[in-house]
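Coordinate analysis (summary)
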Amino acid sequence: MNRHFNQQERDLIKLAGFFKNQSIKLMEKGMLGEEHKTVQEAVDRFLEHMDSHVNTRAFILDQHEYLNKLVKDNARCPKCLSSEKLKVIGTDKNEKGWKSNRYKCRKCNIEFTWNLPNNPWHMIEYIQEMLIQMRAKVDDTSTAEDARVEALETIDNMESNLNKLKPVIDAHDREYRELQARESEMERLMHEFKNSLTIEKIKMDTWDNRQKLKHNK
Ligand SMILES: [Zn+2]
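The next subject is the coordination of the zinc ion. Coordination sphere of the zinc ion, protein contribution only: C77 (SG), C80 (SG), C105 (SG) and C108 (SG), at 2.3 Å. Coordination geometry of the zinc ion: the four donor atoms subtend angles of 105 to 113° at the metal centre, consistent with an arrangement described as tetrahedral. Counting gaps between the donor residues of the zinc ion yields the pattern C-x2-C-x24-C-x2-C. Taken together, the residues span a long stretch of sequence, with C80 in the loop between α2 (36–68) and β1 (86–93) and C108 in the loop between β2 (99–105) and β3 (110–113) at a distance of 28 residues. Accessibility expressed as a relative area gives 25% for C80, which makes it partly exposed.

In structure tokens form, the structure reads like this:
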């Protein structure tokens with residue numbers, strides 16, 4: 001069975017498998033007509049659809065995990081200014097809701113939160129905000145000339161980072177949102193499929209029992 005199935009999906013696959021075996025048996029005994037084959041084909045088609053859905057889902061969730069870990073800090077201890085004895089001990093949220101990594105320096109025995117977001121979503125917001133500040137600095141007539149040149153360079157770098165990062169994240173976010181929509185649609189379809197399987201199964205059982213009763217008479 002596909003390892004990406006969740007419990008609900010696994011249960012449904014089992015039910016469908018049971019249904020299929022049962023109908024094959026009945027068909028072999030001649031108790032179900034050829035027309036029942038179309039029901040079986042519909043079951044197979046649905047199972048294939050489920051299979052491809054969960055594979056896509058696994059792929060997008062993997063990508064989400066990967067992107068979530070995309071931002072690599074070059075954190076340094078504020079006391080010894082080294083990164084050698086740092087250990088990530090958790091995450092912290094600032095007042096804007098941006099998540100950052102929290103570190104412990106084992107040399108200085110202090111804990112601190114790194115001042116940059118630890119994920120691309122918050123990093124994009126951070127860069128956008130920094131750009132606004134930097135542009136204001138450039139526009140400010142009281143800014144010294146070398147500070148202005150420095151700010152312009154920073155703007156260039158930040159814009160180029162943003163132009164690389166944002167399209168990737170935007171494309172993923174779109175796929176992720178579409179996945180959520182397909183997930184709810186799939187849940188509805190699974191519910192319907194389960195109901196119709198149950199009805200078919202009751203029909204088959206009734207048939208089977210009736211035949212047994214006839215034989216016993
Ligand atoms: Zn330190």
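Both faces of the sheet carry side chains from a regular strand, because those side chains alternate between them. Two strands pair when backbone bridges link them, and β1 and β2 are joined in this way by seven bridges, in the antiparallel orientation. What sits directly across from K93, in β2, is K99. Taking the residues between adjacent antiparallel strands as the criterion, β1 and β2 are bridged by five residues, where G97 takes a positive phi near 90°.

This part is about a negative patch on the surface. On the surface, a cluster of negative charge is contributed by D146, E150, E153 and D156. With respect to the helices and strands, the residue E150 is situated in helix α4 (residues 145–216). Given a relative accessible area of 56%, E150 falls into the exposed group.

Our next topic: the sheet that holds β2. In space, the three strands of this open sheet follow the order β1-β2-β3, with antiparallel pairing throughout. Strands with a single pairing partner mark the edges of an open sheet, and in this sheet they are β1 and β3. Averaged over all neighbouring strand pairs, the angle between strand axes comes to 25°, with direction disregarded. Relative to β3, β2 runs antiparallel, the two being bridged by four bridges. Bridge pairing in β3 links Y103 to F112.

With that settled, consider the packing of helix α1 (residues 7–28) against α2. At a minimum axis separation of 11 Å, α1 and α2 run at an interaxial angle of 160°. On the basis of the axis angle, α1 is roughly antiparallel to α2. Pair α1 / α2 crosses with left-handed handedness. Residues E9, L12, I13, A16, F19, K20, S23, I24 and M27 of α1 form the contact with α2, whose participating residues are H36, K37, V39, Q40, V43, D44, F46, L47, M50, V54 and R57. Class assignment for the residues of the contact of α1 with α2 results in twelve nonpolar, three polar and five charged.

Reading guide: rules and limits
Residues numbered from 1 in each chain as written. Predicted model: local features only at pLDDT ≥ 70, side-chain atom pairs only at ≥ 80, totals over all residues. Heavy atoms only, no water. Donors = N, O, S within 2.8 Å, 3.2 Å for Na, K, Ca; no water. Tetrahedral: all angles 85-135°; square planar, octahedral: opposite > 155°, others 65-115°. Helix = DSSP H or I, 4+ residues; strand = E, 2+ residues; numbered from the N terminus. Buried < 20%, exposed > 50% of the residue type's maximum accessible area, 1.4 Å probe, protein only. Pairing = 2+ DSSP bridges. Patch = residues over 30% accessible without salt bridge, like charges linked within 9 Å, V, L, I, M, F, W, Y side chains within 5 Å. Areas by Shrake-Rupley, 256 points an atom, 1.4 Å probe, with all protein chains shown as cover. Salt bridge = Lys/Arg side-chain N within 4 Å of Asp/Glu carboxyl O. Lys, Arg positive; Asp, Glu negative; His and termini not counted. Charge placed at Lys NZ, Arg CZ, Asp CG, Glu CD. Axes fitted to C-alpha atoms, helices over the stretch in contact; angles between N-to-C directions. Parallel < 35°, antiparallel > 145°, perpendicular 65-115°, else oblique. Left-handed = near helix turned anticlockwise from the far one by under 90°. Contact = heavy atoms within 4.5 Å. Nonpolar A, V, L, I, M, F, W, Y, C, P; charged D, E, K, R; others polar.

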